[in-house]
Amino acid sequence: MDAIDRKIVSELQNNAKQNTKEIATKIGLSVTPTYERIKRLEKSGVIKKYVALVDREIIGKQIIAYCQITLFKHQKSLIDEFKQKMFNLSSVMECHHVSGNFDFLIKVAVNDMNSFQVFINEKLSVVEGISTIHSSFVLDSFKESTSYNLG
């Protein structure tokens, strides 16, 4: 990626609904090369997909929790099975295999505490191989970003 590609990606991270002409004007390039660069960035996988970011409170997701999960043992089959289970749980927004005092960090979004209790008791705690689950709840969010700094 060169400097122009970085500008294009930055623009799309800020507003993916911009048309090619708007982006071209902002980065100082004509429309056709801008379009070709965007298509190349998509094809190469730099741009994976376009999404709409929604206000979680408006859609009723009042509770955000981060769960630190430790498995009984580090075994490839157990790790792979855990990853697949997390992938299939719709309340799990993110799942990261991490180093440190626990094995996985997941971000969970649910409507309320009752929904979280159901999630823990009926979805998460029944996953084979989990030794411990420690949960932390978001009290206030003052910085949330989906954009990577390309500078």
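Summary of the structure given here. (Residues numbered from 1 in each chain as written. Predicted model: local features only at pLDDT ≥ 70, side-chain atom pairs only at ≥ 80, totals over all residues. Heavy atoms only, no water.)

1. Focus on the pattern of salt bridges
Right, on to step 1. All chains considered together, the criterion is met by six salt bridges.
Right, on to step 2. Taking the shortest distance from any N to any O, the salt bridge between Arg-37 and Asp-2 comes out at 2.9 Å. Here Arg-37 is found in helix α3 (residues 31-44), whereas its partner Asp-2 is found in the segment before α1 (3-14), with 35 residues between them in sequence.
Right, on to step 3. Judged by its relative accessible area of 34%, Asp-2 falls in the partly exposed class.
Right, on to step 4. The partner of Asp-5 in a salt bridge is Arg-40, with the nearest N and O atoms 3.2 Å apart. (Salt bridge = Lys/Arg side-chain N within 4 Å of Asp/Glu carboxyl O. Helix = DSSP H or I, 4+ residues; strand = E, 2+ residues; numbered from the N terminus. Buried < 20%, exposed > 50% of the residue type's maximum accessible area, 1.4 Å probe, protein only.)

2. Quick notes on the environment of Tyr-50
Right, on to step 1. As for its placement among the helices and strands, Tyr-50 is situated in the loop between α3 and β1 (63-71).
Right, on to step 2. The exposure class assigned to Tyr-50 is partly exposed, which follows from its relative accessible area of 41%.
Right, on to step 3. Once the C-alpha coordinates of Tyr-50 and Arg-40 are considered, the two residues, 10 residues apart in sequence, prove to be 15 Å apart.
Right, on to step 4. When sequence neighbours within four positions are dropped, the list of residues in contact with Tyr-50 reads Leu-12, Ala-16, Ile-38 and Glu-42.
Right, on to step 5. Here the side chain of Tyr-50 touches Glu-42 through a polar contact of 2.6 Å, side chain to side chain. (Contact = heavy atoms within 4.5 Å. Polar contact = N/O pair within 3.5 Å; in protein donor to acceptor, adjacent residues only side chain to side chain.)

3. Some thoughts on the packing of aromatic side chains
Right, on to step 1. The tally for this structure, following the rule as stated, stands at three aromatic pairs.
Right, on to step 2. With 4.3 Å between their ring centres and 40 degrees between their planes, Phe-82 and Phe-104 make a pair best called tilted. Taken together, the residues span a long stretch of sequence, with Phe-82 in helix α4 (residues 76-88) and Phe-104 in strand β3 (residues 104-110) at a distance of 22 residues. A single burial state applies to Phe-82 and to Phe-104, both of which are buried.
Right, on to step 3. With centroids separated by 6.4 Å and ring planes inclined at 35 degrees, the aromatic side chains of Phe-116 and Phe-119 adopt a geometry described as tilted. Here Phe-116 and its partner Phe-119 are both found in helix α5 (residues 113-124), three residues apart, which amounts to about one turn of the helix. When sorted by exposure, Phe-116 lands in the same class as Phe-119, which is buried. (Phe/Tyr/Trp six-rings, centres within 6.5 Å; stacked < 30°, edge-to-face > 60°.)

4. As for the packing of α1 against α3
Packed helices, taken two at a time, are described by the angle their axes make and the gap between the axes.
Right, on to step 1. Running from N to C, α1 and α3 point in directions that differ by 80 degrees, and their axes come no closer than 10 Å. Relative to α3, α1 is oriented roughly perpendicular. Mapping the contact onto sequence places Ile-4, Asp-5, Ile-8, Val-9 and Leu-12 in α1 and Thr-34, Arg-37, Ile-38, Arg-40 and Leu-41 in α3.
Right, on to step 2. Taken together, the residues that form the contact of α1 with α3 break down as six nonpolar, one polar and three charged. (Axes fitted to C-alpha atoms, helices over the stretch in contact; angles between N-to-C directions. Parallel < 35°, antiparallel > 145°, perpendicular 65-115°, else oblique. Nonpolar A, V, L, I, M, F, W, Y, C, P; charged D, E, K, R; others polar.)

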